[in-house]
Structures are given as C-alpha cells and as structure tokens.
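Descriptive structure summary
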Amino acid sequence: MKDYKKLLDWQDLAIGGVITEAGNANNYETGTWRTSRPVWKEEQCIHCLTCWIFCPEDAYTLKDGATAGGKPRKEIAGINYYHCKGCGLCVRECLVNKKGKEIALEYIQEET
Ligand code: SF4
Ligand code: SF4
C-alpha cells in the first residue's frame, strides 16, 4: 500500500488574509502588479507628505529638508517602483492635484 501524505484539515491551515507581521510590506516586490504608475513632479510638490501617508506599500522615500523659514522637515525624495503597485491612491489624494491648478503626481499607463 502506498504511503500517501495526509491532507491537512481546514483547522490545520494558516488563516488567510491576515497580516501577522506589522510593517512587512517592505519584504515584497509589489511593483510587478502595476499597470499604471504615478510620476512625481518635484517642482510642483509642496512636501505635505500626504502621498507618503496614504501609500499602502511604503513606496515613497523621504529625505531631510527645510521649510522656507529654515525649520527642519521631511521631504519626498522619490518613488520606489520596486514597491509601487500602481493603485493610484497617492495621485488621488495629492493636495496639489486636488486644488486642480497644477499636477504634482501624474498617473500614466505602464508601458508593455
Ligand atoms: S500608486 Fe499606490 S503603491 Fe504606488 S506610490 Fe502611489 S499609493 Fe503607493
Ligand atoms: S501629496 Fe503631492 S504635494 Fe504632497 S508630498 Fe505628495 S506629491 Fe508632494
């Protein structure tokens, strides 16, 4: 008689859809999911960090900067496309984009 591996019961399986380790987005290359991408326009950006707050993949990188008055602050340094999955949340929530006069985050189709 063959020695079949015993199938797991549903009670033995790991629970799906649960994040067991907080902050683990950095471990995954979610950039391969992307069909569109945000393009950051540095000259229009006011460094409000809204995009960084909303991004579910921690794709925005930050650098040390300063306000016009010389107060230290964090500023956007760029977008890490290894992690950006192209969800478009940052483009939708960008404060400059919402004002409607200028575009700080453009949303373009990914080239295939
Ligand atoms: S498109 Fe989505 S994943 Fe990519 S940087 Fe914006 S919020 Fe993050
Ligand atoms: S939300 Fe827009 S204006 Fe604010 S930091 Fe991001 S790109 Fe710049």
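Here we summarise the structure given alongside this text. (Residues numbered from 1 in each chain as written. Chains lettered and ligands numbered in written order. Predicted model: local features only at pLDDT ≥ 70, side-chain atom pairs only at ≥ 80, totals over all residues.)

Our focus in this paragraph is the overall build of the chain. Per the secondary structure count, the chain includes 3 helices and 4 strands. Put simply, the chain runs from its N terminus to its C terminus through helices and strands in the order β-α-β-β-α-α-β. Taking 2.2 N^0.38 as the reference for a compact globule, 112 residues should give roughly 13 Å; the C-alpha atoms of the chain span a radius of gyration of 20 Å, well beyond that estimate. In the chain, which comprises 112 residues, the proportion classed as buried is 17%. Counted over contacts in the chain with a minimum sequence separation of 6, partners at least 24 positions apart contribute 70%. (Helix = DSSP H or I, 4+ residues; strand = E, 2+ residues; numbered from the N terminus. Rg over C-alpha atoms; globule rule 2.2 N^0.38 Å. Buried ≥ 20, exposed ≤ 12 C-beta atoms within 10 Å, placed from the backbone. Contact = placed C-beta atoms within 7 Å.)

Bringing the site of ligand 2 into the picture now. The environment of ligand 2 is made up of 14 residues, and the closest members are C45, C48, T50, C51 and C94. Elements with a contribution of two residues or more to the shell around ligand 2: helix 1 (50-54) and helix 3 (95-99). When its residues are assigned to classes, the shell around ligand 2 shows 12 nonpolar, 2 polar and no charged. (Near = placed C-beta within 6 Å. Nonpolar A, V, L, I, M, F, W, Y, C, P; charged D, E, K, R; others polar.)

Let us look at the pairing of strand 2 (residues 60-66). Each regular strand displays side chains that alternate between the two surfaces of the sheet. Pairing of strand 2 with strand 3 (residues 72-79), which is carried by 7 bridges, proceeds in the antiparallel orientation. Its bridge partner being in strand 3, T61 is matched across the sheet by G78. (Pairing = 2+ DSSP bridges.)

Around ligand 1, a shell composed of 13 residues is seen, among which C55, A59, C84, C87 and C90 lie nearest. Residues that form the shell around ligand 1 fall into these classes: 9 nonpolar, 2 polar and 2 charged.

Our focus in this paragraph is the nonpolar core. Taken as a class, soluble globular proteins show a tendency for nonpolar side chains to be buried jointly. By size, the foremost hydrophobic cluster in this structure holds 12 residues: C51, C55, A59, Y60, I76, I79, C84, C90, V91, C94, A104 and L105. If you list the elements that add at least two residues to this core, you get strand 3 and helix 2 (89-93). If near-sequence neighbours (up to four positions away) are discounted, V91 is found in contact with P38, N97, L105 and Y107. (Core = buried A, V, L, I, M, F, W, Y, C linked by C-beta atoms within 7 Å.)

Looking now at unusual backbone geometry. Although it is not a glycine, L49 adopts a positive phi angle of roughly 70°. Mapped onto the secondary structure, L49 falls in the loop between strand 1 (36-40) and helix 1. At D58, a residue that is not glycine, the phi angle is positive and equals roughly 55°.

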